[in-house]
Amino acid sequence: MQDKEPEEFRENTSIFQIWLLFRKNTVALFSFYLLTLLILTALFSGWIAPYAHNMQFVGQELMPPSWVEKGQIAFFFGTDDLGRDVLSRLIMGTSYTIGSSLLVVLAVALIGGTLGIVAGMLKGLKARFVGHIFDAFLSLPILLIAIVISTLMEPSLLNAMFATLLAILPYFIHAIYRAIQQELKKDYVLMLKLEGISNWELLKSTILPNITVIYVQEIARAFVVAILDISALSFISLGAQRPTPEWGAMIRDSLELLYLAPWTVLLPGFAIIFTILLSIIFSNGLTKAINQYYE
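The rules we used
- Residues numbered from 1 in each chain as written.
- Predicted model: local features only at pLDDT ≥ 70, side-chain atom pairs only at ≥ 80, totals over all residues.
- Heavy atoms only, no water.
- Phe/Tyr/Trp six-rings, centres within 6.5 Å; stacked < 30°, edge-to-face > 60°.
- Buried < 20%, exposed > 50% of the residue type's maximum accessible area, 1.4 Å probe, protein only.
- Helix = DSSP H or I, 4+ residues; strand = E, 2+ residues; numbered from the N terminus.
- Patch = residues over 30% accessible without salt bridge, like charges linked within 9 Å, V, L, I, M, F, W, Y side chains within 5 Å.
- Areas by Shrake-Rupley, 256 points an atom, 1.4 Å probe, with all protein chains shown as cover.
- Salt bridge = Lys/Arg side-chain N within 4 Å of Asp/Glu carboxyl O.
- Axes fitted to C-alpha atoms, helices over the stretch in contact; angles between N-to-C directions.
- Parallel < 35°, antiparallel > 145°, perpendicular 65-115°, else oblique.
- Contact = heavy atoms within 4.5 Å.
- Nonpolar A, V, L, I, M, F, W, Y, C, P; charged D, E, K, R; others polar.
- UniProt positions renumbered as here; feature names shortened; annotations may be inferred.

As enumerated under the stated definition, the model contains 14 aromatic pairs in all. Here the aromatic rings of phenylalanine 32 and tyrosine 33 are separated by 5.7 Å at their centres, their planes lie at 50 degrees, and the arrangement is tilted. Judged by its relative accessible area of 46%, tyrosine 33 falls in the partly exposed class. Centre to centre, the rings of tryptophan 67 and phenylalanine 77 are 5.8 Å apart; their planes meet at 80 degrees, and the pair counts as edge-to-face.

Below, the structure is given as structure tokens:
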């Protein structure tokens, strides 16, 4: 059996220590388990949902949730105006809302992280020029950028994901760029440069570990923004189209039923809010654990 390098032992030990610190935060740990459950639901929604998302039960239209009078346990969250099971559509919606947001965030983390590191390591006039370009983007809200891009393409969930990706990228790259630029100005970096350390070694051993918290925070922020933007684009008919059970599209399709069947509108909205809260609590707990480890 091949022995591990010392760097691998240090990396495994640091991750384990961070996990031990994270476990002490009960609320954050609970949010992590729930968020993991939601991701697993998104992966296996087709097997978990009791019915197909577009299956219509004739005669069971606008059935209230099971805990309300006249509700049935067979339709735990009730049905919509077409007789479709709301619980099944919410479960299937995790694949579209959470799944698409995770894909966007993964692309943002890889592409934005790489470009942010490259931009952050620039010096002199190039660094200032890149900084001014990013500052120009920051004057526009992310959702507005996503809406503008979406209007140039055919309305679909895939195009909404692409528009959201392009809208988030400049903000993510700018955050990593600024974090690295600030690290490069610190005294210990100047001392290491005087000792002749290479840029790659400086980046690998010093700068990247010091911006880990910022990187985690920006990924969590990108995930929240991705959920909001994809849902918002579907809500204004620029994203997922009927009969796709994306949560924002579900709210749009049932908005006229708000007073007649409020569960068809409120439940998808609660699902969006609940996922966002879990993400925020988890990311805050993780960043606190990382900070405690490096203190």
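Let us keep going from here.
Moving on, we get to the environment of serine 139. Note that serine 139 resides in the loop between helix H5 (124-137) and helix H6 (142-151). In the structure, serine 139 is positioned 129 residues away from proline 268 in sequence and 31 Å away in space, judged by C-alpha atoms.

With that out of the way, let us pick up a nonpolar patch on the surface. A contiguous nonpolar surface patch, about 810 Å² in accessible area, is contributed by Val27, Leu258, Tyr259, Leu266, Phe270, Ile273, Leu277 and Ile281. For the nonpolar patch, the leading source of residues is helix H12 (residues 263-294), giving five residues. Position of leucine 266 among the secondary structure elements: in helix H12.

Here the focus is the packing of helix H2 (residues 26-43) against helix H4 (residues 86-120). Across the interface, H2 lies against H4 with an axial gap of 7 Å and an inter-helix angle of 105 degrees. When the interaxial angle is binned, H2 and H4 end up roughly perpendicular. Taken together, the residues of H4 that come into contact with H2 (itself represented by Leu38, Ile39, Thr41 and Ala42) are Ile91, Thr94, Ser95, Ile98 and Leu102. The residue makeup of the contact of H2 with H4, split by class, is six nonpolar, three polar and no charged.

Right, let's talk about the pattern of salt bridges for a bit. Overall, the coordinates contain five salt bridges when judged by the stated rule. With its nearest N and O atoms 2.9 Å apart, the salt bridge here joins glutamate 183 to lysine 186. Glutamate 183 gets classed as buried once you look at its relative accessible area, which sits at 7%. The residue aspartate 253 makes a salt bridge to arginine 252 at a minimum N-O spacing of 3.1 Å. The buried category is assigned to aspartate 253, whose relative accessible area is 17%.

Another aspect to go through is the UniProt feature "transmembrane region" (unreviewed entry) in the protein chain. As recorded in UniProt, the sites labelled "transmembrane region" (unreviewed entry) are residues 27-49, 98-122, 129-151, 157-177, 219-240 and 260-282. Secondary structure content for residues 157-177 is 100% helix and 0% strand, while the C-alpha to C-alpha distance between its ends is 30 Å. For residues 260-282, the helix share is 87%, the strand share is 0%, and the end-to-end C-alpha distance is 36 Å.

Moving on: unusual backbone geometry. A cis amide bond links arginine 242 to the next residue, proline 243, at an omega of 0 degrees. Looking at the element boundaries, proline 243 is found in the loop between helix H10 (212-235) and helix H11 (247-254). A positive phi is found at leucine 62, a non-glycine position, where the angle reads about 55 degrees. Relative to the helices and strands, leucine 62 is located in the loop between helix H3 (45-48) and H4. A relative accessible area of 25% places leucine 62 in the partly exposed class. Phi at lysine 70 is positive, roughly 75 degrees, even though this residue is not glycine. With respect to the secondary-structure elements, lysine 70 resides in the loop between H3 and H4.

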